[in-house]
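Remarks on the overall topology
Chain residues, written in single-letter form:
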Amino acid sequence: MCSSDLRFREEAGALRAGRQRGHAVICGLGTIGANLALSLRDEKIPVVAVERDPRNANIDAVRRRGGVVITGDATLTDVLGRTRLARAEWLVCATGDDNHNASIAMIANGLLSGRRSVPLPCLIHMTDLEMCLVLRESHLLHPRATPLPALDLDFFNSYENAAHGLVNQLVSDHRVHVLILGGGDLTVSVVLYMAQRRLREGSDCASPLPNITFVGPGAECEVERLHSRWPALAAGADVSPV
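Residues numbered from 1 in each chain as written. Predicted model: local features only at pLDDT ≥ 70, side-chain atom pairs only at ≥ 80, totals over all residues. Heavy atoms only, no water.

1. Here's the deal with the pattern of salt bridges
The tally for this structure, following the rule as stated, stands at seven salt bridges. A salt bridge links Asp42 to Arg65, with the nearest nitrogen and oxygen atoms 2.9 Å apart. Residue Asp42 is found in helix H2 (residues 31-42), and its partner Arg65 is found in the loop between helix H3 (58-64) and strand S3 (68-71); the two are separated by 23 residues along the sequence. The salt bridge partner of Arg136 is Asp154, with a shortest N-O separation of 4.0 Å. In this pair, Arg136 is assigned in helix H6 (residues 129-141) and Asp154 in strand S6 (residues 151-156), connecting sequence segments 18 residues apart. Judged by relative accessible area, Arg136 falls into the partly exposed class, the value being 21%. (Salt bridge = Lys/Arg side-chain N within 4 Å of Asp/Glu carboxyl O. Helix = DSSP H or I, 4+ residues; strand = E, 2+ residues; numbered from the N terminus. Buried < 20%, exposed > 50% of the residue type's maximum accessible area, 1.4 Å probe, protein only.)

Structure follows, in structure tokens:
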């Protein structure tokens, strides 16, 4: 595609973005951002995306589905301002870089200050699972202490989301015995979600705790780390090494 065609598409996209209302603003068209953008377009929800790499193949995919894509750095105020955040319904920060995602949220808060009657729902992807859990817990415990009052913050992690889908699909009840080889963020997310599902049923639930056994080298260290980081884990799952 020649430079004049690219420039025309950018100008047309900017014009459409200026007319948007009730749209989702998605920053970053990697795997997470692009899949979300395409899913929203399948539901006929308007999308304005920002992608810094003009060579990203997902740009054309989103545009073909009717989404608007602005090429530029969403951490720059003038670029993010072109998405018409004040009229949006959601903001999703999914650039693949935790620091960039945090910066986008801070800039969005500044752009929205005094321009909305209610905070804008904002989903921030954190590649660091531990940081994601800490930030979510802190926000839930102290919602009014947020430094970004123009945004209604929530945090998500791709491994955590994958673990939820995996457990919901494969684990129908708590009597299952799960063997885990290895560690990592996906493993941690599976264990925590299984324990959370059991805890939601309350202490009066007659069903047994899910039985989760770590096997292989490092199993004892992994289980010790889990119990040390999440002391309440024992109330929702029987996690042990072998």
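2. Examining H2
In this model H2 runs 16 Å from its N-terminal to its C-terminal C-alpha over 12 residues, within 8% of the 16 Å that 1.5 Å per residue would give. Listed in full, the buried residues belonging to H2 are Gly33, Ala34, Ala37, Leu38, Leu40 and Arg41. Down the axis of H2, the smallest arc covering the buried residues is 160 degrees, so these residues share one side. Against strand S1 (24-27), strand S2 (47-51) and H3 lie the buried residues of H2. Just beyond H2, the residue with positive phi is Lys44, at close to 65 degrees. (Expected span 1.5 Å × (residues − 1). Arc of directions from axis to C-beta. Contact = heavy atoms within 4.5 Å.)

3. Let's talk about the sheet that holds strand S9 (residues 238-241)
One open sheet holds the three strands; their spatial order is S7-S8-S9, and the pairing between them is parallel. Each having just a single partner strand, strand S7 (177-181) and S9 make up the two edges of the open sheet. Neighbouring strand axes in the sheet, compared pairwise and without regard to direction, differ in orientation by 20 degrees on average. Bridge count for strand S8 (residues 211-215) against S9 is four bridges, and the pairing is parallel. Its bridge partner being in S9, Ile212 is matched across the sheet by Val239. The strands touched by helix H8 (residues 185-200) within the sheet are S7, S8 and S9, with S8 carrying the most contacts at an inclination of about 160 degrees. Sheet contacts for helix H9 (residues 219-229): S8 and S9; angle to S9, the most-contacted strand, approximately 145 degrees. (Pairing = 2+ DSSP bridges. Axes fitted to C-alpha atoms, helices over the stretch in contact; angles between N-to-C directions.)

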